[in-house]
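Residues per chain are reported as follows:
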Amino acid sequence: MIAAQAAPAKIRFEDVGKTFLIRTGPLVAIEHIDLDIAAGSFFVIVGPSGCGKTTLLRMTAGLETPTRGTITIGRDRSDRPANAMIFQGDSIFPWMTVFDNAAYGLRMRNAPAREIDEVVGHFLARTGLTKFAKAYPHQLSGGMKQRVSIARAFANDPEVLLMDEPFSALDEQNKTLLQEELLRIWEETKKTVLFITHSVDEAVTLGDKIMVMTAQPGRAKAIIDVPFPRPRKVLELRATPEYGELVYNIWGQLRDEVLAALRTAAEARNGPAGEAAEAAGALR
Amino acid sequence: MIAPSSEPATSPAPVEGAASIVIRATQTRKRTLSRGNNERIMGVVAPLGVFVLWEVLADTHLIDTRFFPAPSSIAGTFGTLAANGQLEANTFISLERLFWGFLLGAVPALVIGLTMGLYRPVRTLVEPLILGTYPVPKSAILPLILLIFGLGEPSKIVMVAIGVFYPVVINTVSGVLQIPQIYLDVGHNFGASRWKMFTTIALPGALPFIMTGVKLGAGMGLILIAIAEMIGAQSGLGYMIWNAWQILSVNTMYVGLIMIALLGFVLTLAINEIERLLIPSRQDR
């Protein structure tokens, strides 16, 4: 076990692995993950592209099954869904209004209309969407759409929240705003969050703990505590020297893995030598 | 206005002999509005011109009025047939057949199409049947349909249904297949039941494609109802046209043709309106 903490584990990964069968044979996406995520914590996984972090999240969401080991999500209440996911990219239904999108989870488990109005109304207000409740997604900007996705996940009141690079498609300004809003809403609910990203900045800004993953096959390379107090203010936090230091440290851990991922990708494209060295050189 | 110059546009003091680049503001014109109106007027001009030309040529007997009676005389027959109720009765019965045929074709097509789209095994099983029978000209099946269903109403309704079924089912399947995987993931992640996957994702997600299928189906239904009524019926617009040929009442034939064209036009408008109501993202266009 890599992370042993005092608080009870909300999500427990025991010897989790995933192997895909592809044309050239078995491909180990995730080799061996043993991990406890404490209840009420904001846990971030960073890793190079293709390290299997999204696969790990999708397995936790039940959208894919591990080929080895078990994932356990602790349940406080039986009437609550195990998880709700905030997806990467456009995931809200273009044929539903903002309100109907945010109410989707509650509707799917036949929540009473009054509860839906109340809960969805609350989270639309928290995400600044109240006056867009009757709008359709094509009338919204990318940032607004992702706010709907956040409201939808929180409104479903799951045991754990899973976030798959939810802000990666947004521009820098929107990203910072949404990170701040996410922190504000999350600090009110204190739900357990598992957040995937490739951005070290985002990981340090949001997380309580950060797991750095190795390049394919994905393994836990390090688990780092983020000591910054909450509630956090994104810009103030980023201005402190401690923030810069931590980002620098984690980058140090991640750098070799990113280079390894580049090498693998280049080899897959056109044999070892040439381009890999080129790609690595460009980064050094 | 842009004048050629070697100087950059921002240069404050132009060098003597070289002209500056000056970009002047132009007045905002209500261009789109006037263009839209113009196009609407142009749309009426061409058909009207043909009618006028036709009328002149017929009145001066430059064309054979046995085949191309003057529009004014066709209008007269239209008035007579409308007044004695024949036109109304025939139009109504054709519409009724179209309606039932449409239901009988479109509803199963929708259910089968959605199921095929969502479930791969169903698709592998049913798709060859549909693609295998699709190329058979629908009009060629008419004798068989008459044999099975007789000369009564069912045979006409079934003909329309067959015509509507194919475009709707094929478009529904493609409609479901083009729904991005992420929406299906959302459905699963938020615990949608099988039934809810149909009603909240597959159906609304495929709707733009389904409506295209419905439009094509309506056109096909109109073709087939005319053919079916020509051969095995004693009523309807198809019958009216066929009967007019047999008694050589060319004017009546034209009235039937105009009525079918009108029917097609109104149907298209109605379907477009329904589409606009059902698909929110199309309301702004």
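Residues numbered from 1 in each chain as written. Chains lettered and ligands numbered in written order. Predicted model: local features only at pLDDT ≥ 70, side-chain atom pairs only at ≥ 80, totals over all residues.

1. Structural notes on the overall build of chain B
- The helix and strand inventory of chain B stands at 10 helices and 0 strands.
- Taken over 285 residues, chain B has a buried fraction of 30%.
- Sequence-distant contacts in chain B: of pairs separated by 6 or more residues, those separated by 24 or more amount to 67%. (Helix = DSSP H or I, 4+ residues; strand = E, 2+ residues; numbered from the N terminus. Buried ≥ 20, exposed ≤ 12 C-beta atoms within 10 Å, placed from the backbone. Contact = placed C-beta atoms within 7 Å.)

2. Comments concerning the overall build of chain A
- Helices and strands together make up the secondary structure of chain A, namely 10 helices and 9 strands.
- Against the 2.2 N^0.38 benchmark of 19 Å for 284 residues, chain A shows a C-alpha radius of gyration of 20 Å, consistent with a compact globule.
- Oriented by its inertia axes, the alpha-carbon framework of chain A measures out at about 60 × 40 × 40 Å.
- Per-residue burial for chain A yields a buried fraction of 40% across its 284 residues.
- Excluding contacts between residues fewer than 6 apart, the proportion of contacts in chain A whose partners are at least 24 apart in sequence is 73%. (Rg over C-alpha atoms; globule rule 2.2 N^0.38 Å.)

3. A look at the interface of chain A and chain B
- Taken together, the 18 residues of chain A in the interface contact 14 residues of chain B.
- Listing elements by their share of the side of chain A that touches chain B, those giving two or more residues are strand S5 (83-86) and helix H3 (104-108) of chain A.
- With 3 residues, the single largest contributor to the side of chain A that touches chain B is H3(A).
- Of the residues in the side of chain A that touches chain B, the class split is 12 nonpolar, 5 polar and 1 charged. (Nonpolar A, V, L, I, M, F, W, Y, C, P; charged D, E, K, R; others polar.)

4. Considerations on the environment of A:Arg126
- As for its position among the elements, A:Arg126 is in helix H4 (residues 113-126).
- Once the C-alpha coordinates of A:Arg126 and A:Asp34 are considered, the two residues, 92 residues apart in sequence, prove to be 35 Å apart.

5. Quick look at the environment of A:Ala261
All names here are of chain A.
- For Ala 261, the position within the fold is in helix H9 (residues 241-270).
- Given 19 C-beta atoms within 10 Å, Ala 261 falls into the partly exposed group.
- For the pair Ala 261 and Pro 48, spaced 213 residues apart in sequence, the C-alpha to C-alpha distance is 6.6 Å.
- Setting aside chain neighbours within four positions, we find Ala 261 in contact with Pro 48, Ser 49, Gly 50, Cys 51, Ala 215 and Gln 216.

6. Description of the packing of helix H2 (residues 71-83) of chain B against helix H10 (residues 250-278) of chain B
All names here are of chain B.
- For the pair H2 and H10, the least separation of the axes is 9 Å and the interaxial angle reads 75°. In this view, H2 runs roughly perpendicular relative to H10, as classed from their interaxial angle. Facing Ser 73, Ile 74, Thr 77, Phe 78 and Leu 81 of H2, the residues of H10 in contact are Asn 251, Thr 252, Tyr 254 and Val 255.
- For the contact of H2 with H10, the per-class residue count stands at 5 nonpolar, 4 polar and no charged. (Axes fitted to C-alpha atoms, helices over the stretch in contact; angles between N-to-C directions. Parallel < 35°, antiparallel > 145°, perpendicular 65-115°, else oblique.)

7. Points about the pairing of strand S9 (residues 218-225) of chain A
All names here are of chain A.
- As judged from the 2 bridges shared by strand S2 (residues 25-38) and S9, these two strands associate in the parallel manner. Considered in S9, the bridge of Ile 30 is made with Gly 218.
- As judged from the 5 bridges shared by strand S8 (residues 209-213) and S9, these two strands associate in the antiparallel manner. The partner of Lys 209 across the bridge, within S9, is Asp 225. (Pairing = 2+ DSSP bridges.)

8. Considering unusual backbone geometry
- With omega at -5°, the peptide bond leading from A:Arg230 into A:Pro231 counts as cis.
- Its place among the elements puts A:Pro231 in the loop between S9 and helix H8 (234-239).

9. Side note on helix H7 (residues 181-189) of chain B
- By the burial criterion, the buried members of H7(B) are B:Tyr183, B:Val186, B:Gly187 and B:Asn189.
- The first or second residue beyond H7(B) is B:Gly191, which carries a positive phi of 75°.

10. What to know about the domain arrangement of chain A
All names here are of chain A.
- Here chain A is partitioned into domain 1 (9-82 + 159-168 + 189-283) and domain 2 (89-157).
- Between the C-alpha centres of domain 1 and domain 2 there is a distance of 27 Å.
- Between domain 1 and domain 2, the residue contacts involve 6 residues of the former and 8 residues of the latter.
- When its residues are assigned to classes, the side of domain 1 that touches domain 2 shows 4 nonpolar, 1 polar and 1 charged. (Domains from an automatic or database assignment.)

11. As for the sheet that holds strand S6 (residues 160-164) of chain A
All names here are of chain A.
- Here we have 9 strands laid out as an open sheet, ordered S4-S1-S2-S9-S8-S3-S7-S6-S5, and mixed in their pairing. Two strands bound the open sheet, and with one partner strand each, they are strand S4 (68-73) and S5. Ignoring which end each strand starts from, the neighbouring axes of this sheet average 20° apart.
- In this structure, S6 lies alongside strand S7 (residues 192-197), joined through 5 bridges in parallel fashion. Within S7, the position partnered with Asp 164 by the bridge is Ile 196.

12. Considerations on the confidence of the model for chain A
Residues and elements named next belong to chain A.
- Of all residues in chain A, 92% have pLDDT values of 70 or greater, and the mean over the chain is 88.
- Summarising per-element confidence for chain A, the mean pLDDT is lowest in helix H10 (residues 273-283) (46) and highest in helix H2 (residues 98-102) (97).
- Within the model, the stretch residues 1-5 combines pLDDT values under 50 with 13 contacts to residues more than four positions away or in other chains.
- Taken as a whole, residues 272-284 scores under 50 in pLDDT and shows 13 contacts with residues more than four places along the chain or in a different chain. (pLDDT = per-residue confidence, 0-100.)

13. Comments concerning the packing of helix H3 (residues 86-118) of chain B against helix H8 (residues 194-232) of chain B
All names here are of chain B.
- Interhelical geometry of H3 versus H8 gives an angle of 145° and a closest axis separation of 8 Å. Pair H3 / H8 crosses with right-handed handedness. Contact with H3, carried on its side by Ser 94, Arg 97, Leu 98, Gly 101, Phe 102, Gly 105, Ala 106, Leu 110, Leu 114, Gly 117 and Leu 118, involves Met 197, Phe 198, Ala 202, Leu 203, Ala 206, Ile 210, Val 214, Gly 217, Gly 221, Ile 225 and Glu 229 of H8 and no other residues of that element.
- When the residues that make up the contact of H3 with H8 are grouped by side-chain class, the tally is 14 nonpolar, 6 polar and 2 charged. (Left-handed = near helix turned anticlockwise from the far one by under 90°.)

14. Considering the confidence of the model for chain B
All names here are of chain B.
- A residue-level look at chain B finds 89% of positions with pLDDT of 70 or above and a mean pLDDT of 88.
- The secondary-structure element of chain B with the lowest mean pLDDT is helix H1 (residues 31-59), recorded at 80, while helix H6 (residues 153-177) shows the highest, at 96.
- Note on residues 5-9: pLDDT is under 50 here. Beyond four places in sequence and across chains, it has 10 contacts.
- Reported confidence for the predicted complex is 0.87 by ipTM and 0.81 by pTM.

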